[in-house]
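Here are the chains, one letter per residue:
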Amino acid sequence: MKSMATPPPKLPVPPKAPVFKPDDGMGGDSAVMERRPKRAKTVPPQMYQVALLNDDYTPMEFVVVVIQEFFGKDRETATQIMLKIHLDGKGVCGVFSKDVASTKVDQVTEAARKNGHPLQCVCEPIE
Ligand code: TYC
């Protein structure tokens, strides 16, 4: 004879562990761990020094004013730089990015020519 015992009560089904699927791009709930991209090492930009060259004709006072006006130096610093140029033949007035250095050269050269002076201003990469 068959047993008519009642079946055991159904137990609640435990929730399944979440399954992480690859992101299908559809904005669902799936999560994907991505490897942090290796950052390219940043290379600092090449910098340029802007220098004035000595000559026998440009007045000292003009050079001092140029260094003050175009390179933002105070009068004392500008005078020291001018004297260094006068004695050594060359002196650095500032260090800039390529574009700014090139603009300084153009501005100083234009100011010198307008005033009838042969002052030379050059820029050169450093390091
Ligand atoms: N040697 C110039 C003079 O005796 C002065 C001078 C200084 C000129 C610096 C140019 O970049 C210069 N008048």
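Okay, so let's go over this structure. (Residues numbered from 1 in each chain as written. Predicted model: local features only at pLDDT ≥ 70, side-chain atom pairs only at ≥ 80, totals over all residues. Heavy atoms only, no water.)

1. Description of the site of the ligand
In the vicinity of the ligand, the residues found are Leu-52, Leu-53, Asn-54, Asp-55, Thr-58, Met-60, Val-63, Met-82, Ile-85, His-86 and Leu-119. The contact in question runs from a nitrogen atom of the ligand to an N or O atom on the side chain of Asn-54, over 2.7 Å. Thr-58 is positioned with one of its backbone polar atoms (N or O) 2.9 Å from a nitrogen atom of the ligand. Only strand 1 (48–53), helix 1 (60–71) and helix 2 (75–88) provide two or more residues apiece to the shell around the ligand. No other element matches the three residues that helix 2 contributes to the shell around the ligand. Considered class by class, the residues forming the shell around the ligand number seven nonpolar, three polar and one charged. (Near = heavy atom within 4 Å. Polar contact = N/O pair within 3.5 Å; in protein donor to acceptor, adjacent residues only side chain to side chain. Helix = DSSP H or I, 4+ residues; strand = E, 2+ residues; numbered from the N terminus. Nonpolar A, V, L, I, M, F, W, Y, C, P; charged D, E, K, R; others polar.)

2. Brief notes about the packing of aromatic side chains
The final tally for this structure, using the stated rule, is one aromatic pair. For the pair Phe-71 and Phe-96, a centre-to-centre distance of 6.2 Å together with 35° between the ring planes defines the contact as tilted. Placement of Phe-71 in helix 1 and of Phe-96 in strand 2 (residues 90–96) is noted, with a sequence separation of 25 residues between them. For Phe-96, a relative accessible area of 17% puts it in the buried group. (Phe/Tyr/Trp six-rings, centres within 6.5 Å; stacked < 30°, edge-to-face > 60°. Buried < 20%, exposed > 50% of the residue type's maximum accessible area, 1.4 Å probe, protein only.)

3. What to know about the pairing of strand 1
The element strand 1 is extensively covered by neighbouring structure, given that five of its six residues are classed as buried. Where strand 1 meets strand 2, six bridges bridge the pair, whose relative direction is antiparallel. Directly across from Ala-51, in strand 2, lies its bridge partner Val-92. As judged from the six bridges shared by strand 1 and strand 3 (residues 120–125), these two strands associate in the antiparallel manner. Residue pairing for strand 3: Tyr-48 is matched across the bridge by Pro-125. (Pairing = 2+ DSSP bridges.)

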